[in-house]
Amino acid sequence: MARFKPIYIRRSDGRLELVVKGKRRETNAPTPDQLNTAADKHGVSDFYREVGVDEMKSLDWRRKLGGMIAREMRWEEKEYGYILLAFPEHYRLYEHIKKTIKDGKTEIRSKTHAAGGNDRQDAYLYGHPAGRKKRYRSPADFFPHILWLLTDESGDPDNCGCKLCSPEELEAAIPGAKIKAEKPAKLDRDTIRVASAPSLQQRSSSMAQQGSGPTPKIRQEPTVTARSASVPALSPTPLPTARTPDQQLDRQYFNFMYRPGELVWFKRGQAWGLGAILRRWITNNGRTDQYQYSVQPLSYPNHGSAAVVKSTDYEFRPWLAWSVPKFTHDGLNNLLEPAHYDTADWAGMTQKRYGHGEMEVDASILAAKAVDGTYTPFGIVKTLQPEPGVTETHYNGLFLGAEKLWVGDPARLQVGTGTDIMILHDVIERRHASPASSAHLSLHLVGDIYTLTAIPLRPGESNPNVPSTTQGAASPPDPFLPARLLEDLRDRNARSIPARSQASYWKLISPASRLGPEAIKGRWYEASLLLPVLQRDSYETMARKGEVQEAGLWMNARGDCVSGNRPAHLPRLPKPNVKKETRESAFGEALPRGVMVLEGTMPPRSEQVDPALEGGEAMQMDPKFDSAEDAAAAAEGGNGGSAATGEEGDGGGAMEEFMDLDGSADLLPGFGGEYASRASQGGYY
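Let us look at the structure shown here. (Residues numbered from 1 in each chain as written. Predicted model: local features only at pLDDT ≥ 70, side-chain atom pairs only at ≥ 80, totals over all residues. Heavy atoms only, no water.)

Turning next to the overall build of the protein chain. Along its length, the protein chain carries 13 helices and 23 strands. When the 685 residues of the protein chain are sorted by exposure, 51% land in the buried category. If you sum the accessible surface of the protein chain, you get close to 32,900 Å²; carbon and sulfur atoms cover 51% of it. (Helix = DSSP H or I, 4+ residues; strand = E, 2+ residues; numbered from the N terminus. Buried < 20%, exposed > 50% of the residue type's maximum accessible area, 1.4 Å probe, protein only. Areas by Shrake-Rupley, 256 points an atom, 1.4 Å probe, with all protein chains shown as cover.)

Shown next as structure tokens:
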């Protein structure tokens with residue numbers, strides 16, 4: 001017999017009884033009439049009974065729930081299974097039995113195994129705080145709720161995604177699902193809080209797609225649904241007004257892809273490097289506008305090289321589009337206490353204590369990982385004191401890791417379907433003054449959460465939720481969604497409707513939600529603009545088939561780089577979240593002293609730009625960033641298509657032996673590959 005490890009659920013919201021209709025108490029279980037086992041005049045017994053903890057039905061439920069929890073938490077144990085030691089407190093399993101007794105014997109009318117020789121024999125789990133009418137019909141139904149009990153530290157039932165706490169989720173999640181409208185029991189407001197908002201945090205499928213499974217699919221909207229009468233209509237929040245010209249510029253479609261202060265991959269001659277966008281501007285050659293960027297390469301302290309100028313998005317990748325590579329100094333890869341830019345042993349690297357490698361490359365990796373764990377709010381809007389000892393500062397945006405987010409921007413979420421976004425409406429920093437210790441800071445991001453929903457739509461048909469795809473059609477501005485979000489959707493629907501008779505739209509699922517920075521994957525990018533860069537060889541095929549999906553499916557999340565280039569035998573590291581007062585201080589000494597990040601789009605004076613760099617030229621030869629494919633090929637004795645062939649003991653070869661990535665970067669599924677998710681259609685790790 002298989003052995004099982006027990007799981008004990010410490011927290012529970014279960015209720016044995018609750019107050020309804022004023023002061024009347026009601027047990028959270030089948031009614032006394034339902035518990036009556038007596039047969040009627042026809043010999044039919046129709047009743048409920050409580051299932052004992054040692055009975056097979058209870059064991060079966062608890063084994064299934066234990067297995068689901070283990071899979072969700074990624075507990076890998078080959079010798080053991082998992083089982084709940086007991087249901088959460090005050091949750092009880094009942095069996096509904098219906099049988100017919102004739103001539104002293106039970107008539108067998110159902111031949112199903114589940115009925116156990118009875119007409120019916122179904123199990124239901126009671127205990128939900130909404131009362132006896134809200135019961136779970138299967139382990140799969142209860143699993144999202146038990147996952148919420150396990151993972152949501154706030155204990156807010158609004159964060160639970162089960163069909164009892166968030167019945168409207170069923171409509172979006174299950175094609176063709178119909179929800180029976182039940183008149184909810186009137187509950188004492190002081191006794192119980194019934195969740196009516198949809199899921200914000202972990203759901204049963206929350207992070208399962210982070211594994212090696214298929215690409216997450218967008219939700220299919222049911223064609224016919226019966227909406228529950230108990231579910232209130234959701235009201236979106238109007239889009240905040242842009243407060244600065246740069247903020248307004250970044251809301252536009254087909255404009256600057258990157259923003260001053262952002263950490264990016266950029267083309268350095270025949271290879272790729274890591275740098276910071278210092279400024280951007282627009283020039284005109286008499287025919288078209290050209291979008292230019294000044295990029296400062298990252299390096300080790302007191303070794304800053306000159307900034308370079310780039311003028312095409314094909315010379316950039318977002319930091320989160322590729323994974324962090326291993327250090328070229330191999331000794332840095334095996335440190336139990338990982339190296340950090342601020343405390344790195346630069347003298348030791350110079351003296352080759354960590355093996356042979358390129359200091360500038362490893363310094364840029366260390367700097368990028370450090371920046372990824374920082375945040376910097378900017379643009380104070382107002383300061384309030386909502387209660388004694390608490391100060392709230394509201395900002396117009398923040399640098400979060402590698403990227404810059406304005407209020408009004410869409411952001412990718414760690415929680416939900418994998419493509420859910422939040423339209424950011426407020427950035428709030430709460431400071432709790434304490435006389436006994438330093439002030440405690442907490443960061444809150446407030447906004448409306450949307451999910452990408454697909455519906456059938458043939459050419460020539462229209463739907464009020466779907467933006468018009470007619471060329472030249474002037475649509476009124478949407479007061480709730482950024483223009484770039486809708487323009488991207490219009491471009492993708494113009495391809496999917498004729499090819500697949502399917503359209504998508506952004507459906508509001510949770511207005512005025514409040515999340516911590518750890519819930520944000522990163523900035524949202526237009527798939528119609530970024531995927532032609534990330535997927536140069538396959539994008540046209542995807543577009544022709546009408547299968548252009550969210551760009552975020554091919555990108556990592558903030559914090560993934562923390563343990564990304566660590567060997568598997570070393571422990572995983574916590575994800576930092578460190579506040580920096582200025583964007584320059586987030587990069588620290590990786591930028592040359594005195595370098596500043598500048599807003600606006602005015603071109604720099606000619607003397608501020610090195611003419612030799614205006615064409616984007618950099619080092620003729622540049623260090624290689626090995627990919628996971630290179631490492632695998634080397635282990636198999638192959639060359640991975642472009643592996644280096646340095647002499648033994650030289651740390652991987654001289655400068656001229658590093659890989660030329662020109663023209664091949666888009667064939668690689670990213671640098672590294674030891675963390676985050678990979679899309680099934682050739683996405684990045």
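Further remarks concern unusual backbone geometry. Positive phi outside glycine occurs at serine 501, with the angle close to 55 degrees. Structurally, serine 501 can be placed in the loop between helix 9 (483–500) and strand 21 (502–515). Backbone geometry places alanine 512, a non-glycine residue, at a positive phi of 50 degrees.

By the definition in use, this model includes 18 aromatic pairs. Consider the rings of tyrosine 253 and phenylalanine 254, whose centres lie 6.5 Å apart with planes at 40 degrees: the pair is tilted. Here tyrosine 253 falls in the partly exposed class, since its relative accessible area comes to 23%. Judged by relative accessible area, phenylalanine 254 falls into the exposed class, the value being 60%. With a centroid separation of 6.3 Å and an interplanar angle of 35 degrees, the aromatic rings of tyrosine 300 and tryptophan 346 are classed as tilted. Residue tyrosine 300 is found in the loop between strand 12 (289–297) and strand 13 (308–310), and its partner tryptophan 346 is found in helix 7 (residues 346–350); the two are separated by 46 residues along the sequence. Positioned over the ring face of tyrosine 124 is arginine 135, at 3.8 Å from the centre of the ring. Over the aromatic face of phenylalanine 378 sits the side chain of lysine 404, whose NZ or CZ is 5.1 Å from the ring centroid. (Phe/Tyr/Trp six-rings, centres within 6.5 Å; stacked < 30°, edge-to-face > 60°. Lys NZ or Arg CZ within 6 Å of the ring centre and 35° of its normal.)

On to the environment of aspartate 40. When you line up the elements, aspartate 40 lands in the loop between helix 1 (32–35) and strand 4 (44–50). Under the relative-accessibility criterion, aspartate 40 is labelled partly exposed at 39%. For the pair formed by aspartate 40 and isoleucine 101, sequence separation is 61 residues and the distance between their alpha carbons is 9.8 Å. Among the polar contacts made by the side chain of aspartate 40, one reaches the main-chain amide nitrogen of histidine 42 at a distance of 2.9 Å. (Polar contact = N/O pair within 3.5 Å; in protein donor to acceptor, adjacent residues only side chain to side chain.)

One open sheet accounts for five strands, arranged 13-12-11-10-14; its pairing is antiparallel. In this open sheet, the two edge strands, each paired with only one partner strand, are strand 13 and strand 14 (316–318). Within this sheet the neighbouring strands show an average axis-to-axis angle of 45 degrees, counted without direction. Where strand 10 (residues 263–268) and strand 14 come together, three bridges link them in antiparallel fashion. (Pairing = 2+ DSSP bridges. Axes fitted to C-alpha atoms, helices over the stretch in contact; angles between N-to-C directions.)

Another aspect to go through is helix 8 (residues 359–372). For an α-helix the count is 3.6 residues per turn, leaving residues at separations of three or four pointing the same way. The end-to-end C-alpha separation of helix 8 is 20 Å, in line with the 20 Å expected for 14 residues at 1.5 Å each. Counting buried residues along helix 8, 14 of its 14 residues qualify, which places the element largely inside the surrounding structure. (Expected span 1.5 Å × (residues − 1).)

A few words now on the pattern of salt bridges. For the coordinates displayed, the defined rule picks out 27 salt bridges. Two residues, arginine 49 and glutamate 55, come together in a salt bridge whose shortest N-O distance is 2.6 Å. Assessed through its relative accessible area of 28%, arginine 49 is described here as partly exposed. By relative accessible area, glutamate 55 is classed as partly exposed at 29%. Between glutamate 429 and lysine 579 there is a salt bridge whose closest N-O contact spans 2.9 Å. Remark: lysine 579 occurs in strand 23 (residues 578–579) and glutamate 429 occurs in strand 19 (residues 421–432); sequence separation between them is 150 residues. On the basis of relative accessibility, which here comes to 21%, the residue lysine 579 falls in the partly exposed class. One network of salt bridges, with partners in common, ties together Asp246, Asp250, Arg259, Arg280, Asp409, Arg484 and Glu526. (Salt bridge = Lys/Arg side-chain N within 4 Å of Asp/Glu carboxyl O.)

Next up on the list: the environment of asparagine 565. Looking at the secondary structure, you find asparagine 565 in the loop between helix 11 (539–544) and strand 23. Sequence-wise, asparagine 565 and asparagine 333 are 232 residues apart; in three dimensions their C-alpha atoms are separated by 7.1 Å. Here the side chain of asparagine 565 touches proline 325 through a polar contact of 3.1 Å, landing on its backbone oxygen.

Attention now moves to the nonpolar core. One finds Leu263, Leu298, Trp319, Trp346 and Leu531 to be the most contacted residues of the largest nonpolar core, which totals 57 residues. With eight residues, the top contributor of residues to this core is helix 8. If we skip the residues at most four places from it in the chain, leucine 531 touches Glu526, Arg536, Tyr539, Met542, Val548, Gln549, Ala551 and Trp554. (Core = buried A, V, L, I, M, F, W, Y, C linked by side-chain atoms within 4.5 Å. Contact = heavy atoms within 4.5 Å.)

These figures come from the coordinates and say nothing about function on their own.
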